[in-house]
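Spelled out from the first residue to the last, the chains are:
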Amino acid sequence: MSRIGRLPITIPAGVEVAVAEDGLVTVKGPKGELCERISQKIGVEIKDGVISVTRGDDQKESRSLHGLCRTLINNMVVGVSEGYTRKLEIVGVGYKADKQGDKLVLNLGYSHPIELPDPEGLTTETPSATEILVKGVNKAQVGNYAAIIRAWRPPEPYKGKGVRYAGEKVRRKEGKTGAK
């Protein structure tokens, strides 16, 4: 039995979960609504404010999907009740971020500023010129958009300049040594 798959999911107050016959799980909460189609091999039951995920057989595919489906449902429940935030830091002289309306404007050493419109369902904030917060209800979308922002200037190993996740350790390399 999957260690993750057998863990129950408690439904917080203000969150509604519905499971359709075809495996469509819909979660509604104060921050929004999310839907995900779960495999037919996985069963989802709701009893007394607790969601339990079961599998019908012990085939390899069912075992693989068991923990995955439970994690996807848990991410939806947490997303609509609390939301997800990903913090990015900008390191480098002249590198900065600014919010103009619904666009994120990045100055990362290119000849032009990079303008990224906020995707639907996500918001970005810039508490300071060197910090970016990506917020949303869908964990995958938040992480994907943060990765897109980071990809414009990933941290380089010699000076550590670039866009990095908060708390990310950048492996530094020693520069060239002069030949004598």
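Look up: the structure comes first, before these words.
Residues numbered from 1 in each chain as written. Predicted model: local features only at pLDDT ≥ 70, side-chain atom pairs only at ≥ 80, totals over all residues. Heavy atoms only, no water.

### Describing the overall build of the protein chain
Move 1: A count of helices and strands for the protein chain gives two helices and 13 strands.
Move 2: Over its C-alpha atoms the protein chain spans a radius of gyration of 21 Å, topping by over 25% the 16 Å that the globule rule assigns to 180 residues.
Move 3: Its C-alpha atoms give the protein chain principal-axis dimensions of roughly 70 × 45 × 25 Å.
Move 4: Burial statistics for the protein chain: of 180 residues in total, 33% are counted as buried.
Move 5: When contacts within the protein chain are restricted to residue pairs at least 6 apart in sequence, long-range pairs at least 24 apart make up 49% of them.
Move 6: Element-wise, carbon and sulfur atoms account for 50% of the exposed surface of the protein chain, whose accessible area totals about 11100 Å².
Move 7: With 29 positive and 22 negative side-chain charges, the protein chain shows a separation of 11 Å between the mean positions of the two kinds. (Helix = DSSP H or I, 4+ residues; strand = E, 2+ residues; numbered from the N terminus. Rg over C-alpha atoms; globule rule 2.2 N^0.38 Å. Buried < 20%, exposed > 50% of the residue type's maximum accessible area, 1.4 Å probe, protein only. Contact = heavy atoms within 4.5 Å. Areas by Shrake-Rupley, 256 points an atom, 1.4 Å probe, with all protein chains shown as cover. Lys, Arg positive; Asp, Glu negative; His and termini not counted. Charge placed at Lys NZ, Arg CZ, Asp CG, Glu CD.)

### Overview of unusual backbone geometry
Move 1: A positive phi angle, close to 50°, is found at D48, a residue other than glycine.
Move 2: With respect to the helices and strands, D48 occurs in the loop between β5 (42–47) and β6 (50–55).

Read these as layout, nothing more, since geometry by itself doesn't imply function.
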